[in-house]
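# Breakdown of the fold
One letter stands for each residue in the lines below.
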Amino acid sequence: MKFAAVCLLSVLVVTEGTSMFLRQRAAAKAQEAAELLGENRAAGQFFKSLLEGLPKNATKAKQEAVIASLEAEVDKLSENVVKLKDIEKSETKHQDASDRLKSSLKGKDK
């Protein structure tokens, strides 16, 4: 009887620890994705205001500087898109593990 109680208690502790780990991991990934999305939105607003402030007849040097800045920002945004796709792939992998864990739980533990 005591052995069964100890086993049950250890299973509950492991399950709770795993659940907490998965929640922390999901929160960290959500924060990273939110930071990337926020950075992308801020870049869009910055360049919108930059381009609205340019005169219609900008000098060749100014045009080249703006183009170089825009190209650098496009590269950075492309990297962010790749990171977001990697995060999404990772989340789907971990979702399978989470679903398996939830299916193994009984009653209120789900």
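The structure we're discussing is the one just above.
To start, this report covers the structure provided alongside it. Source: prediction; values computed, not measured.

This paragraph deals with the overall build of the protein. Scanning the protein for helices and strands turns up two helices and zero strands. Out of the 110 residues in the protein, the part that is buried amounts to 14%. Pairs at least 24 apart in sequence give 77% of the contacts found in the protein among residues at least 6 apart. Of the roughly 8900 Å² that the protein leaves accessible, carbon and sulfur atoms contribute 61%.

One can find N40 in helix α1 (residues 2-52). Apart from residues lying up to four places away in sequence, N40 is in contact with L77, N80 and L84.

Mapped onto the elements, E73 comes out in helix α2 (residues 60-104). In this structure, E73 is buried with no salt-bridge partner, the nearest side chain bearing the opposite charge being K76 at 5.4 Å.

Glancing now at the pattern of salt bridges. Tallied over the entire structure, the rule returns one salt bridge. Between K76 and E39 there is a salt bridge, with the nearest N and O atoms lying 3.4 Å from each other. Taken together, the residues K76 in helix α2 and E39 in helix α1 connect sequence positions 37 residues apart. On the basis of relative accessibility, which here comes to 39%, the residue K76 falls in the partly exposed class.

Cut-offs and rules
Residues numbered from 1 in each chain as written. Predicted model: local features only at pLDDT ≥ 70, side-chain atom pairs only at ≥ 80, totals over all residues. Heavy atoms only, no water. Helix = DSSP H or I, 4+ residues; strand = E, 2+ residues; numbered from the N terminus. Buried < 20%, exposed > 50% of the residue type's maximum accessible area, 1.4 Å probe, protein only. Contact = heavy atoms within 4.5 Å. Areas by Shrake-Rupley, 256 points an atom, 1.4 Å probe, with all protein chains shown as cover. Lys, Arg positive; Asp, Glu negative; His and termini not counted. Salt bridge = Lys/Arg side-chain N within 4 Å of Asp/Glu carboxyl O.

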